[in-house]
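Structural overview
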There are 2 protein chains.
Amino acid sequence: MARTRGTVTIRAVAEAAQVSPATVSRFLAGKTVRPELAERVRAVVEELGFRPNVIAQDLAQGRTRTIGVAVPDLENPYFTGILKGIGHEAQSAGYHLLVGDSGIAPELDVWRAVRQRCDGIIICSPYAPDEVLAEAVARLTPAVLVNRCAPAVPAPQVAVDSHSAMLELTGHLMNLGHRRLAYLAGPEQAWSDQERRRALDAARHFGAEVTVVSAGATAEDVVRAVDEALAARPTALLAFNDLVAFAALARLRELGIKVPEDVSVTGFDDIPYARLAVPALTSVRSPQPELGTLAWQVLSSLLAGETPVGFQTISAEVQHRETVAPSPER
Amino acid sequence: MARTRGTVTIRAVAEAAQVSPATVSRFLAGKTVRPELAERVRAVVEELGFRPNVIAQDLAQGRTRTIGVAVPDLENPYFTGILKGIGHEAQSAGYHLLVGDSGIAPELDVWRAVRQRCDGIIICSPYAPDEVLAEAVARLTPAVLVNRCAPAVPAPQVAVDSHSAMLELTGHLMNLGHRRLAYLAGPEQAWSDQERRRALDAARHFGAEVTVVSAGATAEDVVRAVDEALAARPTALLAFNDLVAFAALARLRELGIKVPEDVSVTGFDDIPYARLAVPALTSVRSPQPELGTLAWQVLSSLLAGETPVGFQTISAEVQHRETVAPSPER
DNA sequence: TTGAAAGCGCTAACAA
DNA sequence: TTGTTAGCGCTTTCAA
């Protein structure tokens, strides 16, 4: 059955040091071992270059010290920002990161596969319907959800408060005299999009006239969306995220519409290029690493057998830059 | 010893189906089992909701179906692009991705820790000295190196051919009449930077006057580097990568220097924003996902016991855009 | 403090 | 084709 010939096992160490495997195990675990024995073991471990087989440890201990993270797209800086935050915390705590890209295989399969090899999972799934999520998550515990708010799902959730940020953004625009706003919307299923819409609904109560246009997924979709939005003669364009905003800016330039003189534009997420662009894009800083950190903390407390708060948000800050100016109609 | 009470094991299934555990194992592995038994097992598996414990499988089979990837920074789109490529291939092949961010803990510790829990590792380490790498990698096999060319390191290596791309770029500039070039250099230890410098050396043979200035790591460093480079009155600025290029563009704008009329600028990597920027940045498409794919293929053949080619490159293409124009001195 | 022994849950050689 | 048996390499109870 020797699949791993030549491997130095704990038994080999025990024999060479003339102690029992249990003693070696204890020594390695930092438990009290008589100094002479400890020294013998230490010497043999070094001489033989022994490295414990962590898979065997995992099996024996019923835990893996690994946590899984499922993201929809590894190439999207938004999710890798979250990953960074999780990774930082997890690695400091001696945990490893098993990553699944659910853009590749069916989301549920990815979740299950990832979850099998770790102690808990953090799920970023902006689009899966609540019911699907609820049923899946039940078999995945301990699990933490990122950027969702679905009370029906039996798992703690952490999210960025995009609603407040959007309120602040629209409030600011209205103070600058903007009355006709157009929203280049993201995917309807996304909770984060719903939150932004809610904020726009609020703005309506304060006299804003809001046009909502779906921005779709591709640059061409955005072009179409911008053209459609312009029909309502808005003085400000609010984009679902920075990428949509940039595509919109490109279209406005083509049309000879000046930003911010003729129309103001805002993004969301504050990706790195936002402040490098010309004009620099007014956006909302969405602190992905902090979100990841929070997600880890919640999962961590779950692993410790505690019962963390069911839903937590972190706030996002508006970054005022050059694409917003007073309304030309003021 | 029951650390996992209530778990449905293969033995429980075997008893309920009145067969041996081996039969259940075979059934699950898709080996031939008499139809009646197979059906009984299938039914029980479903009824009990049995899920094999993959950790136990890993131990018994001496493999994990997981590969490790170590990157210097999970938030850097360059590396996550590679990660995407690896993840895509690996997941399709039924492998999982264990990710280590070596920016967090000592690089060697991260490598070791990651390698312990998987069948092989892909290492992205632009800065570690060859000797360090060589020694470390020896204990990490099977391992594959990304974007390095270090013949002394006992592991296959894959890289983007930035040398050829840089040759093409400088050749193009010279054809446009540029003679005084300035290179805003990246980290000297990085092989990719050395490759770019080699190309510039070649350009010298063809009559180029090349100033090399270290661009450092921060935006302020770049400002200083640009100012220093301008002292040589270059007509073209070649940046180590797009981020440096954007920072340089910002500085040139501040100084009232027009791009591309007064000076041409090029980037490297072709990050998404490069083509959205105004003016759109001439850059070099560095296909990270393809690089990741190649890295996986090499590791995969290593896992299969084959001996892959020691060093492979993929080519990068110059993307001609708006920041390059004929030299004003032509 | 130490060692013997019994697991952790699964796979695979072997014999039937 | 099937069951028996012996691992995979480590941890942990238990008794000494």
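For every chain, the first residue of the written sequence is number 1, and numbering continues from 1 along that sequence. Here chains are named by letter from A upward and ligands by number from 1 upward, in the order in which they appear as written. Given that this is a predicted model, residues contribute local features only at a pLDDT of at least 70 and side-chain atom pairs are listed and counted only at 80 or more, while totals for whole chains, interfaces and linings are drawn from all residues. Computation of side-chain values covers all heavy atoms of the structure but excludes hydrogens and water.

Looking at an unreviewed UniProt entry, chain A carries the name LacI family transcriptional regulator, with the source organism given as Streptomyces humicola.

A closer look at the overall build of chain A
Secondary structure elements are defined from DSSP: runs of H or I of at least 4 residues count as helices, runs of E of at least 2 residues count as strands, and each element is numbered from the N terminus. Secondary structure summary: chain A contains twelve helices and twelve strands in total. Radius of gyration here uses only the C-alpha atoms, and the compact-globule reference equals 2.2 Å multiplied by the residue count raised to the power 0.38. For 330 residues, the compact-globule formula gives about 20 Å, and the C-alpha radius of gyration of chain A, at 26 Å, lies well above that figure. A buried classification covers 53% of the 330 residues belonging to chain A. Any two residues whose heavy atoms approach within 4.5 Å are treated as being in contact. In chain A, the share of contacts with a sequence separation of at least 24, taken over all contacts with a separation of at least 6, comes to 67%. Accessible area for chain A stands at about 14,700 Å²; split by element, carbon and sulfur atoms hold 50% of it. Under the convention used here, Asp and Glu are negative, Lys and Arg are positive, and both His and the chain ends fall outside the count. A single reference atom marks each charge: NZ on Lys, CZ on Arg, CG on Asp, CD on Glu. The positive charge centre, built from 32 side chains, and the negative charge centre, built from 38, are 7 Å apart in chain A. Only protein chains enter the accessibility calculation, which uses a 1.4 Å probe. A residue is then buried if its area is under 20% of the maximum for its type, exposed if over 50%, and partly exposed in between. For every accessible area listed, the method is Shrake-Rupley and the probe measures 1.4 Å; residues are considered covered only by the protein chains on display.

Some thoughts on the sheet that holds strand S7 (residues 209–214) of chain A
The pairing of strands in a sheet happens through backbone hydrogen bonds and is either parallel or antiparallel. Residues and elements named next belong to chain A. Two strands make a pair as long as DSSP finds a minimum of two bridges between them. Spatial ordering of the open sheet is given by S7-S6-S8-S9, a layout of four strands whose pairing is parallel. The open sheet is flanked by S7 and strand S9 (264–266), the only strands paired with a single partner. Adjacent strand axes in the sheet meet at a mean angle of 20° when their direction is disregarded. Here four bridges tie strand S6 (residues 180–185) to strand S8 (residues 236–239), and the two strands are oriented parallel to one another. Helix axes are fitted only over the stretch in contact, all axes being lines through C-alpha atoms; the angle between N-to-C directions runs from 0 to 180 degrees.

Regarding the interface of chain A and chain B
The accessible area lost on association of the parts is a frequent measure of interface size. With 47 residues of chain A at the contact, the number on the chain B side is 50 residues. In total, chain A and chain B occlude about 4,500 Å² of area from one another, counting both sides; carbon and sulfur atoms represent 61% of this. Per-residue buried area on chain A facing chain B is highest for A:Lys84, A:Arg117 and A:Tyr273; these three make up 16% of the total on that side. By definition here, a salt bridge exists when the distance from a side-chain nitrogen of Lys or Arg to a carboxyl oxygen of Asp or Glu is within 4 Å. Counting the contacts that link chain A with chain B gives six salt bridges. Put simply, B:Asp73 and A:Lys84 hold a salt bridge, and the shortest N to O gap is 2.7 Å. Pairs of N or O atoms within 3.5 Å make up the polar contacts considered here, provided that, within protein, one atom can donate a hydrogen while the other can accept it, and that residues adjacent in sequence are counted only when both atoms are side-chain atoms. Linking chain A with chain B are 14 residue pairs in polar contact (both at pLDDT 80 or more), by the criterion used here. Looking at the side of chain A that touches chain B, the elements that each hand over two or more residues are helix H4 (54–61), helix H5 (77–92), strand S2 (96–101), helix H6 (107–116) and helix H11 (242–254) of chain A. Among the elements that take part in the side of chain A that touches chain B, H5(A) stands out by supplying eight residues, more than any other. Take the accessible area each of two parts loses on contact, using a 1.4 Å probe, and add the two losses: that sum is the buried area.

A short note on the sheet that holds strand S6 (residues 180–185) of chain B
All names here are of chain B. Pairing is parallel in the open sheet, where four strands are placed in the order S7-S6-S8-S9. The outermost strands of the open sheet, each flanked by one partner alone, are strand S7 (209–214) and strand S9 (264–266). Ignoring which end each strand starts from, the neighbouring axes of this sheet average 20° apart. Sitting on the sheet, helix H8 (residues 162–175) touches S6, strand S8 (236–239) and S9, and the angle it makes with S8 is about 170°.

Digging into the relation of the copies chain A and chain B
Least-squares fitting of one copy onto the other uses the C-alpha atoms of those residues that reach a pLDDT of at least 70 in both copies. In screw terms, the move from chain A to chain B is a rotation of 180° and a rise of 0.1 Å along the axis, fitting with an RMSD of 0.2 Å. Both copies are brought into coincidence by an operation consistent with a two-fold rotation axis. Distance from the rotation axis, computed per C-alpha, reaches its smallest value in chain A at A:Leu98: 2.2 Å.

Remarks on the side chain of A:Gln91
Locating A:Gln91 in the fold gives a position in helix H5. Contact partners of A:Gln91, with chain neighbours within four places excluded, come to B:Val99, B:Gly100, B:Asp101, B:Ile104 and B:Val110.

As for the nonpolar core
Proteins that are soluble and globular tend to have nonpolar side chains buried together. Think of a nonpolar core as a cluster: buried Ala, Val, Leu, Ile, Met, Phe, Trp, Tyr and Cys residues, connected wherever their side-chain atoms sit within 4.5 Å. Within the largest apolar cluster, 96 residues are counted, with the highest numbers of intra-cluster contacts made by A:Ile67, A:Leu97, A:Ile122, B:Ile67, B:Leu97 and B:Ile122. Aside from chain neighbours lying at most four places away, what touches B:Ile67 is B:Ile86, B:Ala90, B:Tyr95, B:His96, B:Leu97, B:Leu98, B:Cys118, B:Gly120, B:Ile122, B:Trp296, B:Leu299 and B:Leu303. Membership of the second largest hydrophobic core comes to 50 residues, among which are A:Val222, A:Val226, A:Ala277 and B:Val244.

Concerning the environment of A:Gln288
Residues and elements named next belong to chain A. Residue placement: Gln 288 occurs in helix H12 (residues 288–303). Judged by relative accessible area, Gln 288 falls into the buried class, the value being 12%. In this structure the C-alpha to C-alpha distance between Gln 288 and Gly 81, which are 207 residues apart in sequence, comes to 5.0 Å. Once residues lying within four places of it in the same chain are set aside, the contact partners of Gln 288 are Tyr 78, Gly 81, Ile 82 and Asp 269.

Some words on the packing of aromatic side chains
Each Phe, Tyr or Trp ring (for Trp, its six-membered ring) is paired with any other whose centre lies within 6.5 Å, and the angle between the two planes then decides the class: stacked below 30 degrees, edge-to-face above 60, tilted in between. Considering all chains together, one arrives at nine aromatic pairs over all chains under this definition. With a centroid separation of 5.6 Å and 85° between ring planes, the pair formed by B:Tyr78 and B:Phe79 is classed as edge-to-face. Relative to B:Tyr273, the ring of B:Phe246 has its centre 5.1 Å away and its plane inclined at 45°; by these criteria the two rings are tilted. One end of the pair, B:Phe246, is in helix H11 (residues 242–254); the other, B:Tyr273, is in the loop between S9 and strand S10 (283–285), and 27 residues separate them in sequence. Chaining the aromatic ring pairs together yields one cluster made of A:Phe246, A:Tyr273, B:Phe246 and B:Tyr273. When the ring centre of A:Phe268 is taken as reference, the NZ or CZ atom of A:Arg196 above it lies at 3.7 Å. Only when the NZ atom of a Lys or the CZ atom of an Arg is both within 6 Å of the ring centre and within 35 degrees of the ring normal do we say a charge sits over the ring.

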